[in-house]
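# Structural features, examined
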Amino acid sequence: MIQSPKNKFDQQAIGEGLRRMFEEVASEPTPDEFLDILRRFEDAAQDSDGEVKQ
Amino acid sequence: VSDAARTLKVSDPARDRVFKAELTKLIPQLRAFARGLTGDPTAADDLAQEVMLKAWMARDSFDMGTNMKAWTFMILRNQFYSEKRRSWRQSPLDQEVAERTLEAHENPSAPLELNELRMGLAMLPVVQREALILIGAGGMAYEEAAQICGCAVGTVKSRVSRAREALAKILSQGDFVRDGASASEAMGDILAQADRLTKSR
């Protein structure tokens, strides 16, 4: 695709921004709710059926 | 179901532990993908948690050693669309808010404000948004994204390229008006696809 130099720079900024946006969330500490769910998995794994109680 | 097949279905504690450890590693990326799709931190975390539960329930059907990231992203995407199907008619379109808030970007070469980027993303048709998030933000391979979206590699490529173009326009002009007709057409396609996926399970 042929782009004007200005547009090309925009695409660099967009690409950089997108990665920063994703990384910003991905680097947050895992919220407690998620850790609770993991603990429920452990309990469930010990049950015979392995079902997670909602 | 034969006895042998039934035996395989019984949860294996060692396998469960590996599965859980792998799933745990994916939480940050699931949250980031969900945030990108929904644009809303609370809705995104609800979605990501729902995906963890679904993944756990379906763990016996996961082929250990294959790509768990793609597998969970696929669950997340399907969950997102099935929730969206329930709510999208009632709720105002994302971009109405975005259009009111987004102002012209005066210097296209300056580092982007993430808020602007988020609002710009919200204005994209959802299939373009997800393609751009997977490829441009999440750093996935085109093949991986195609697997997740259930479409051809070429389709992902063209969606990403159209998304980039549209986003550049939105961000530099700040007055982009989405083509409502094609957007709802895309949504119709995606709902039909989600229907087929649900029925084939």
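Summarised in this report is the structure supplied together with it. Computed from a predicted structure; not experimentally measured. (Residues numbered from 1 in each chain as written. Chains lettered and ligands numbered in written order. Predicted model: local features only at pLDDT ≥ 70, side-chain atom pairs only at ≥ 80, totals over all residues. Heavy atoms only, no water.)

Of the residues lining the interface, 35 residues belong to chain A; the matching set on chain B comes to 39 residues. For the pairing of chain A and chain B, the buried interface totals around 3500 Å² over both sides, and the portion due to carbon and sulfur atoms is 69%. Three residues, M21(A), F22(A) and F34(A), lead the burial of chain A against chain B; their summed loss comes to 20% of the area buried on that side. On the surface where chain A and chain B come into contact, there are three salt bridges. Residues R31(B) and E28(A) are paired through a salt bridge, measuring 3.0 Å at the closest nitrogen-oxygen approach. Linking chain A with chain B are four residue pairs in polar contact (both at pLDDT 80 or more), by the criterion used here. For the side of chain A that touches chain B, the elements supplying multiple residues, two or more each, are helix 1 (5–26) and helix 2 (32–46) of chain A. If one sorts the elements of the side of chain A that touches chain B by residue count, helix 1 of chain A sits on top with 17 residues. (Contact = heavy atoms within 4.5 Å. Buried area = accessible area lost by both parts, 1.4 Å probe. Salt bridge = Lys/Arg side-chain N within 4 Å of Asp/Glu carboxyl O. Polar contact = N/O pair within 3.5 Å; in protein donor to acceptor, adjacent residues only side chain to side chain. Helix = DSSP H or I, 4+ residues; strand = E, 2+ residues; numbered from the N terminus.)

All names here are of chain B. Along the chain, E144 turns up in helix 8 (residues 142–149). As for E144 and R15, which are separated by 129 residues in sequence, their C-alpha atoms are 24 Å apart. In contact with E144, not counting residues within four places along its chain, are N67 and A70.

Note that every value here comes from positions in space, so none of it alone points to a role or purpose.
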